[in-house]
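One-letter residues, chain by chain:
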Amino acid sequence: MKTLHVLAASAAALLMAGHLIAGPVKPANKAVAYRLDVSKSQLHWTAKKITGEHMGTLAFKEGGLTFNGNKLTGGQFTVDMTSLVNTDLTDKGYNDKLVGHLNSDDFFSTAKHPTATFRITKLTPTGPATYQVTGDMTIKGITQATTFPATVKQTATGVEATGKLTLDRTKYDIKYGSKSFFEGLGDKAIYDDFDIDLKLVANR
């Protein structure tokens, strides 16, 4: 019995010594969610055709980014497609006509599909504050995987992420004016690819 007490006391002493040497165990980093500030976040779009290009903006509805320590681990956002604005046409009549057409079933069908969404599915770090982002983009109820580079930085109030996507509109059943589906369009053809520049501002 005395031997058992000695062994127990020795084990306790060793455990205490190990604790004092190594120090208390630090808790692992926990996931921290940042909510998208829709008033400061920006989405700019650019669409090109044979004879020129058009550009404009869309507003975010909601979203967020998730971090573990300083590492981006996930995120998503929802875009209000009914907020579509053109910024290059100064004539109100032409501007209204273009926006109306983009909202129609020829393009984004915003009455039927008032939102578009993006959800991160994979993140590959490419530098201290850069990532290759892969995720599911859903437009007009159609989901396609897309990958793009992004930069993420800490700010005084949260985080800020920027990135540029190039999407093929025909993959979302937007085929109007596409040479991939219609012949004889001449200079009326509209390119399939369009660009989106993102700036996401999120706070805890």
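None of these values were measured; they are calculated from a predicted model.

**Overview of the side chain of Thr-170**
Along the chain, the position of Thr-170 falls in the loop between β8 (158-168) and β9 (190-203). For Thr-170, a relative accessible area of 13% translates into the label buried. Leaving out residues up to four positions away in the same chain, Thr-170 has contacts with Lys-175, Ser-178, Phe-181 and Asp-192.

**Structural notes on the confidence of the model for the protein chain**
For the protein chain, the mean per-residue pLDDT works out to 89, and 86% of the residues sit at or above 70. Contacts from residues 13-23, a stretch scored under 50 in pLDDT, to residues over four places away or in other chains number two contacts.

**Points about the environment of His-44**
Looking at where His-44 falls in the secondary structure, it is placed in strand β2 (residues 42-49). You can call His-44 partly exposed: its relative accessible area is 37%. In the structure, His-44 is positioned 151 residues away from Asp-195 in sequence and 8.2 Å away in space, judged by C-alpha atoms. Filtering out sequence-adjacent residues up to four positions away, His-44 remains in contact with Gly-56, Thr-57, Asp-195, Ile-196 and Asp-197.

**Some words on helix α2 (residues 92-103)**
Because an α-helix packs 3.6 residues into every turn, residues spaced three or four apart end up facing the same way. When the terminal C-alpha atoms of α2 are compared, their 16 Å separation across 12 residues agrees well with the 16 Å that a helix rising 1.5 Å per residue should span. Where α2 is concerned, the buried positions are Asn-95, Leu-98, Val-99 and Leu-102. Buried residues of α2 fall within an arc of 95° about the axis and therefore sit on the same side. Of the surrounding secondary structure, the elements contacted by the buried residues of α2 are β2, β3 (52-68) and β4 (71-86). For α2, the capping residue at the N-terminal end is Asp-91, with a side-chain oxygen 3.0 Å from the backbone nitrogen of Gly-93.

**A few points about the packing of aromatic side chains**
Evaluation of the coordinates by the stated rule reveals six aromatic pairs. The interplanar angle of 80° and the centroid separation of 6.3 Å between the aromatic rings of Phe-108 and Phe-194 together place this pair among those described as edge-to-face. Taken together, the positions of Phe-108 in the loop between α2 and β5 (115-125) and Phe-194 in strand β9 put the pair 86 residues apart, joining distant regions of the chain. Exposure class is identical for Phe-108 and Phe-194. Each is buried. Counting every residue linked through ring pairs, the aromatic cluster contains Phe-60, Phe-77, Phe-118 and Phe-148.

**Thoughts on the side chain of His-54**
Relative to the helices and strands, His-54 resides in strand β3. What makes His-54 buried here is its relative accessible area of 16%. A polar contact is formed between the side chain of His-54 and the side chain of Lys-49, at a distance of 3.5 Å. Leaving out residues up to four positions away in the same chain, His-54 has contacts with Trp-45, Thr-46, Ala-47, Lys-49, Asn-86, Asp-88, Leu-89 and Leu-98.

**Concerning empty space enclosed by the protein**
Enumeration according to the criterion identifies one cavity of 30 Å³ or more in this entry. One number sums up the size of the largest cavity: a volume of about 160 Å³. If you trace the largest cavity, you find 17 residues lining it, with Leu-65, Ile-120, Phe-148, Ala-161 and Leu-200 closest to the centre. Put simply, the parts of the chain that give the lining of the largest cavity at least two residues each are β3, β4, β5, β7 (142-154), β8 and β9. Examining the composition of the lining of the largest cavity, we find that four residues originate from one element, β4, more than from any other. Across the lining of the largest cavity, the residue classes break down as 12 nonpolar, five polar and no charged.

Definitions and cut-offs
- Residues numbered from 1 in each chain as written.
- Predicted model: local features only at pLDDT ≥ 70, side-chain atom pairs only at ≥ 80, totals over all residues.
- Heavy atoms only, no water.
- Helix = DSSP H or I, 4+ residues; strand = E, 2+ residues; numbered from the N terminus.
- Buried < 20%, exposed > 50% of the residue type's maximum accessible area, 1.4 Å probe, protein only.
- Contact = heavy atoms within 4.5 Å.
- pLDDT = per-residue confidence, 0-100.
- Expected span 1.5 Å × (residues − 1).
- Arc of directions from axis to C-beta.
- Polar contact = N/O pair within 3.5 Å; in protein donor to acceptor, adjacent residues only side chain to side chain.
- Phe/Tyr/Trp six-rings, centres within 6.5 Å; stacked < 30°, edge-to-face > 60°.
- 1 Å grid on protein atoms, 1.4 Å probe; cavity = no way out; pocket = protein on both sides within 12 Å on 5 of 7 lines; lining within 4 Å.
- Points joined across faces, edges and corners; volume = space filled by probe spheres on them.
- Nonpolar A, V, L, I, M, F, W, Y, C, P; charged D, E, K, R; others polar.

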